[in-house]
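The primary structure of each chain is shown beneath.
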Amino acid sequence: MRPRRTSATGTLALLPVWAVVIVAYLGTIAWTVVISFTASKSLPVYEFVGLAQYERLFRTSRWLVSVENILIFGSLFIGTCLVVGFLLAVALDQRIRAEGAFRTIYLYPYSMSFIVTGLVWQWIMNPALGVQATVRGWGLEGFTFDWAANRDMAIYAVAVAGVWQASGLVMAILLAGLRGIDQDLWKATKVDGIPTWRVYASIVLPLLKPMIVTAVVLLSVAVVKAYDLVVALTRGGPGIASEVPAKFVMDNLFERSNIALATAASTVMLVSVLAALAPWLYAEYIRASGARAA
Amino acid sequence: MTAPSASAVVARGARPRTITAGRIGLYVFLAVSALYVLTPLYVMVVTSLKSMEEIRLGGIFALPAAPTVAPWVEAWSTACTGLTCDGIQVGFWNSVAILVPSVILSVLAGAINGYALSFWRPRGANVLFTLLLLGAFIPVQVFIYPLVRISAVLGVYGTLPNIVAIHIIFGLPITTLLFRNYYAGVPVELFKAARVDGAGFWRIFLQVMLPMSTPIVIVACILQVTGIWNDFILGLVFAGRDNLPMTVQLNNVVNTTTGERPYNVHMAATILTASVPLLVYFVSGRWFVRGIAAGAVKG
């Protein structure tokens, strides 16, 4: 069927990508993992110390705070974005006026940089001149909204800013899913007298499952990569109150000359991501190809 | 059939009133949400147009009593970004210099890869594609240190070609995915006909596939322009002191200020940095959404 010569051109054309994948992806991952087993400080030295860096990592309070923060931030961010995004998508799907304008408004924060989002919310949560001071000036003396500068609330401030930025993304994905639902469903359920909320809960939500999975995957990637938002909004503070793993790695690599500890932390991040991806990849590819074979 | 039809009649009788109340509630929900989403943009704009005297009075939501563009001028041309005080314009032009080659080359590379993967099915195509996808999900922290060492050994660390190459490397998964999915929808007969006519790999790409790829090229460009403009971490690490992109300079302007912080200048600089992706977003409209959908579709 296929002349070998031309097929070779296709293989040749992909050589640069192979080079990128092998050197820049696989090679660097391997190198990172190797460094994490050494005693390296500011430059890689290949004096192997076994799991010592990992033991040290899990005795480091800054890392433990980072892990706890990413779990709090991740669950709040993903959960709230899904709920808000779903409600907005359902509301927009009710044949409303000016749908395009509403949709454009809800999605615009997603086009901006996390640095921009972080700096705006830092200003809004400024204790002396921001929303808190303004509302207190209206007579509500007890009002507090200083989260970005408050040790106990800083990670929630990051979540608020993140939800503001990414809810529109979930809305856009789920709205596309809702538009793909057969209109006969509504006629049929109307005939049967099923309440609308029941249709959404029992029929529409299960139909949207692929879009919801997509949204969760995209949001999870954003959670693991969370760095810019924290740097701009709180710089990890006050103290270490809003540190996150990605920032822990960057600080130890480029400011604290602790590359072995940093690579141990990034290896933990890598393993966590792969463990979380495995069931999804399995469902998407392996089970799908199994079904095709059957 | 009696029970359901009876309830349907009841429902129909009650419907207009509930629908009216429900629709009001619906519009209130939509409007309040829109207001909430717009508030930070509004706060940015009004703050950037106030004098510091006015900002010190409080009232973050108040319209500027005496609007001034002085903060914008200062943000653009004299704000201090660390060592120098030439304003955020330096970062703007650096970002443009990074953006143009990075977008062109990463979209072109994605088109070639997607085309080769879809039509030529070379050996190991599935392995390659899976590894590329993996690269899209793994946090850059895993790659970044060895890439710094490799760049240093090659003698390009902290230069414009370095940051462009890094953007291409990390842009490949999404651009390849976009073009591969797009070409999967192109009838294979078109390809076969060109083969029968004796066209080779590059001729089919340049004369048959590329001319019909305009929609996906637009989508890929929008994704890459906003993604690269909004990048912070790669620019911070790889661009070098002379090429720091606008996001990095913006963060320097705001978070390294000592003494009283000129919030009006900070907000003007923030809007200026956000303006490029916002412009792309408002102009491209549905294309932007299409990019999200296309990028979200599984391989």
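Values in this document were obtained by computation on a predicted structure and should not be read as measured data.

A word on the packing of aromatic side chains
All names here are of chain B. According to the stated counting rule, one finds 35 aromatic pairs over all chains in the structure shown. Taken together, a centroid distance of 5.1 Å and an interplanar angle of 40° make the contact between Tyr115 and Phe205 tilted. Of this pair, Tyr115 sits in helix H4 (residues 89-120) while Phe205 sits in helix H9 (residues 201-209), placing them 90 residues apart in sequence. According to the relative accessible area criterion, Tyr115 is buried, its value standing at 0%. When the centroid spacing of 6.4 Å and the interplanar angle of 80° are considered together, the rings of Trp202 and Phe205 count as edge-to-face. Taken as a pair, Trp202 and Phe205 lie in helix H9 at a separation of three residues, close to a single helical turn. By relative accessible area, which is 41% here, Trp202 ends up partly exposed.

Quick notes on the state of the cysteines
Residues and elements named next belong to chain B. One pass over the structure, following the stated rule, counts one disulfide over all chains. In this model, Cys80 is linked to Cys85 through a disulfide, with the two sulfur atoms separated by 1.9 Å. The S-S bond linking Cys80 to Cys85 shows a torsion near 100°; that makes this disulfide right-handed. A relative accessible area of 39% places Cys80 in the partly exposed class.

What to know about the environment of B:Leu210
With respect to the secondary-structure elements, B:Leu210 resides in the loop between H9 and helix H10 (214-230). For B:Leu210, the contacting residues outside a window of four places in its chain are B:Ala111, B:Tyr183 and B:Phe205.

A word on the interface of chain A and chain B
In this complex, chain A contributes 93 residues to the contact, which on the side of chain B involves 88 residues. Carbon and sulfur atoms make up 76% of the area that chain A and chain B hide from each other, which totals about 8,100 Å². At the junction of chain A and chain B, the tally comes to zero salt bridges. Here chain A is connected to chain B by 21 residue pairs in polar contact (both at pLDDT 80 or more). With 13 residues, the top contributor of residues to the side of chain A that touches chain B is helix H2 (residues 15-35) of chain A. For the side of chain A that touches chain B, the class distribution of residues is 66 nonpolar, 18 polar and nine charged.

Observations regarding helix H6 (residues 141-153) of chain B
Inspection of H6(B) places B:Gln141, B:Val142, B:Phe143, B:Ile144, B:Tyr145, B:Pro146, B:Leu147, B:Val148 and B:Ser151 among the buried residues, and these make up the whole buried set. After H6(B) finishes, the residue B:Gly155 shows a positive phi value of roughly 75°.

Side note on unusual backbone geometry
Residues and elements named next belong to chain A. The linkage connecting Gly237 with the following residue, Pro238, adopts the cis geometry, with an omega of -5°. For Pro238, the location among the structural elements is in the loop between helix H12 (228-233) and helix H13 (245-254). Even without being a glycine, Ala98 presents a positive backbone phi close to 55°. The topology assignment puts Ala98 in the loop between helix H4 (61-92) and helix H5 (99-107). The phi dihedral of Arg235 is positive, around 50°, even though this residue is not glycine.

Comments concerning the packing of H4(A) against helix H11 (residues 209-225) of chain A
All names here are of chain A. Two numbers describe how H4 lies on H11: the axes approach to 10 Å, and their chain directions differ by 145°. Regarding H4 and H11, the two cross each other, and that crossing is right-handed. Taken together, the residues of H11 that come into contact with H4 (itself represented by Ile70, Phe73, Gly74, Phe77, Ile78, Cys81 and Leu82) are Ile212, Ala215, Val216, Leu219, Ser220, Ala222 and Val223. Here the residues of the contact of H4 with H11 sort into 12 nonpolar, two polar and no charged.

Observations regarding the confidence of the model for chain B
All names here are of chain B. For chain B, the average pLDDT comes to 86, and 91% of its residues sit at 70 or higher. Per-element confidence in chain B ranges from a low mean pLDDT of 72 for helix H1 (residues 2-48) to a high of 95 for helix H11 (residues 233-238). Overall, residues 1-17 carries pLDDT values under 50, and its contacts beyond four positions in sequence, including any with other chains, amount to two contacts.

Regarding the domain arrangement of chain B
All names here are of chain B. For chain B, the domain assignment lists domain 1 (2-70) and domain 2 (89-296). The gap between the C-alpha centroids of domain 1 and domain 2 is 35 Å. Taken over both partners, the interface formed by domain 1 and domain 2 buries close to 770 Å², and the fraction arising from carbon and sulfur atoms is 75%. Three residues stand out in domain 1 for area buried against domain 2, namely Met44, Ser48 and Met52, and they jointly supply 58% of the buried area on that side. Viewed at the interface, domain 2 and domain 1 are joined by zero salt bridges. Summed over the shared surface of domain 1 and domain 2, the number is one residue pair in polar contact (both at pLDDT 80 or more). At the level of elements, H1 and helix H2 (52-56) are the ones that each hand at least two residues to the side of domain 1 that touches domain 2. The greatest single-element share of the side of domain 1 that touches domain 2, amounting to five residues, is contributed by H1.

Brief notes about the pattern of salt bridges
Residue and element names in this part refer to chain A. In this structure the tally under the stated criterion is eight salt bridges over all chains. Glu243 serves as the salt-bridge partner of Arg62, at 2.9 Å between the closest nitrogen and oxygen. Pair noted here: Arg62 is in helix H4 and Glu243 is in the loop between H12 and H13, with a separation of 181 residues, a long-range link. One exposure class covers both Arg62 and Glu243, and it is buried. Linking Lys187 and Asp184 is a salt bridge whose minimum nitrogen-to-oxygen distance equals 3.7 Å. Note that Lys187 and Asp184 are positioned in helix H9 (residues 184-191) at a spacing of three residues, about one turn of the helix. On the basis of relative accessibility, which here comes to 55%, the residue Lys187 falls in the exposed class. Residue Asp184 is classed as partly exposed on the basis of its relative accessible area, which comes to 44%. One continuous salt-bridge network, built from bridges that share partners, spans Arg62, Glu243, Lys247 and Asp251.

Cut-offs applied
Residues numbered from 1 in each chain as written. Chains lettered and ligands numbered in written order. Predicted model: local features only at pLDDT ≥ 70, side-chain atom pairs only at ≥ 80, totals over all residues. Heavy atoms only, no water. Phe/Tyr/Trp six-rings, centres within 6.5 Å; stacked < 30°, edge-to-face > 60°. Helix = DSSP H or I, 4+ residues; strand = E, 2+ residues; numbered from the N terminus. Buried < 20%, exposed > 50% of the residue type's maximum accessible area, 1.4 Å probe, protein only. Disulfide = S-S within 2.5 Å. Contact = heavy atoms within 4.5 Å. Buried area = accessible area lost by both parts, 1.4 Å probe. Salt bridge = Lys/Arg side-chain N within 4 Å of Asp/Glu carboxyl O. Polar contact = N/O pair within 3.5 Å; in protein donor to acceptor, adjacent residues only side chain to side chain. Nonpolar A, V, L, I, M, F, W, Y, C, P; charged D, E, K, R; others polar. Axes fitted to C-alpha atoms, helices over the stretch in contact; angles between N-to-C directions. Left-handed = near helix turned anticlockwise from the far one by under 90°. pLDDT = per-residue confidence, 0-100. Domains from an automatic or database assignment.

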